[in-house]
Amino acid sequence: MSVTLGGNAGGNSGSTTTGQDPEFWVAKNQTRFREKPGIFSKVVKGNVPKGTVLQNLGCQSTRTPTWCEVTYRDNPQFKGWVFSSDIEPYRAATTRPTTPSNPPPSNTTAQAGDPVPGLNDLVGARAGQAEQAVIQRGYELRNSRQVADSSVTYWMERGTGNCVAIRTTEGRYGAIVYTADRDCNRR
């Protein structure tokens, strides 16, 4: 599995950060949460079933293998480290937003974790200043939450109903990606 390291939302020293990790992982095998990176680390939660969606808190690679700190998407009180070969980027189908200059074909879908083309230029911008640009581009704030040392805000694109997650760390926008409808309080 190829893992792009980044997003150090867990604030773990030694993590490599590039801001390119997906917001969510999915367990592609049954796995276990470990207290620290490493196969000899204490198991803190066993039997995490295949298909479980996990919030990404950041990945760390001292050499090989790579370990990622995660929490359950729907129950963030459980947190631990998983081996990167047991997870893959989570992909949930939602409708990709259309723009007047470049409308997508009707069968195109956005995948959770994909970057948002209309907001890519805001990655790295100061959150307070960039928020007005997000609003002016047709997004409506729907939800927010704190995840480790980052905050995540969820925005709905008015024209399409797509949900977008924006992770802010140290006052700057990090990852800006599509996410599942339920993050915008939609079923």
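Residues numbered from 1 in each chain as written. Predicted model: local features only at pLDDT ≥ 70, side-chain atom pairs only at ≥ 80, totals over all residues. Heavy atoms only, no water.

Visitor: Looking at this model, I keep getting lost on the environment of R91. Mind explaining?
Guide: Within the secondary structure, R91 sits in the loop between strand 7 (87-89) and strand 8 (93-95). Given a relative accessible area of 47%, R91 falls into the partly exposed group. Sequence separation of R91 and Y178 is 87 residues, and the distance between their C-alpha atoms is 9.5 Å. (Helix = DSSP H or I, 4+ residues; strand = E, 2+ residues; numbered from the N terminus. Buried < 20%, exposed > 50% of the residue type's maximum accessible area, 1.4 Å probe, protein only.)

Visitor: Help me understand the state of the cysteines, please; the structure alone is not making it clear to me.
Guide: Should the sulfur atoms of two cysteines be covalently bonded, the bond is a disulfide. Tallying each qualifying case throughout the model produces two disulfides. A disulfide bridge connects C59 with C68, and the sulfur atoms are separated by 2.1 Å. In this structure the cystine formed by C59 and C68 twists about its S-S bond by roughly 100 degrees; its chirality is therefore right-handed. No difference in accessibility class separates C59 from C68, as the two residues are buried. Between the sulfur atoms of C163 and its disulfide partner C184 the distance amounts to 2.0 Å. Across the S-S bond linking C163 and C184, the dihedral sits near 85 degrees, which makes this disulfide right-handed. Linking C163 in strand 12 (residues 163-169) with C184 in the segment after strand 13 (172-179), this pair joins segments that are 21 residues apart in sequence. The pair formed by C163 and C184 is uniform in burial state, with each residue classed as buried. The connectivity of the disulfide bonds within the chain can be written as 1-2, 3-4, using the sequence rank of each bonded cysteine. (Disulfide = S-S within 2.5 Å.)

Visitor: When you look at the sheet that holds strand 10 (residues 139-147) in this model, what are you seeing that I'm missing?
Guide: The strands that make up a sheet are held in pairs by hydrogen bonds between backbone atoms, and each pair lies either parallel or antiparallel. Within the open sheet, the four strands sit side by side as 10-11-12-13. Their pairing is antiparallel. Looking at strand neighbours, the two that pair on one side only are strand 10 and strand 13, the edges of this open sheet. If you compare each strand with its neighbour and ignore which way they point, the axes differ by 25 degrees on average. Bridging between strand 12 and strand 13 involves six bridges; their strand directions are antiparallel. Residue V164 lies in a different strand from strand 13, and its bridge partner there is Y178. (Pairing = 2+ DSSP bridges. Axes fitted to C-alpha atoms, helices over the stretch in contact; angles between N-to-C directions.)

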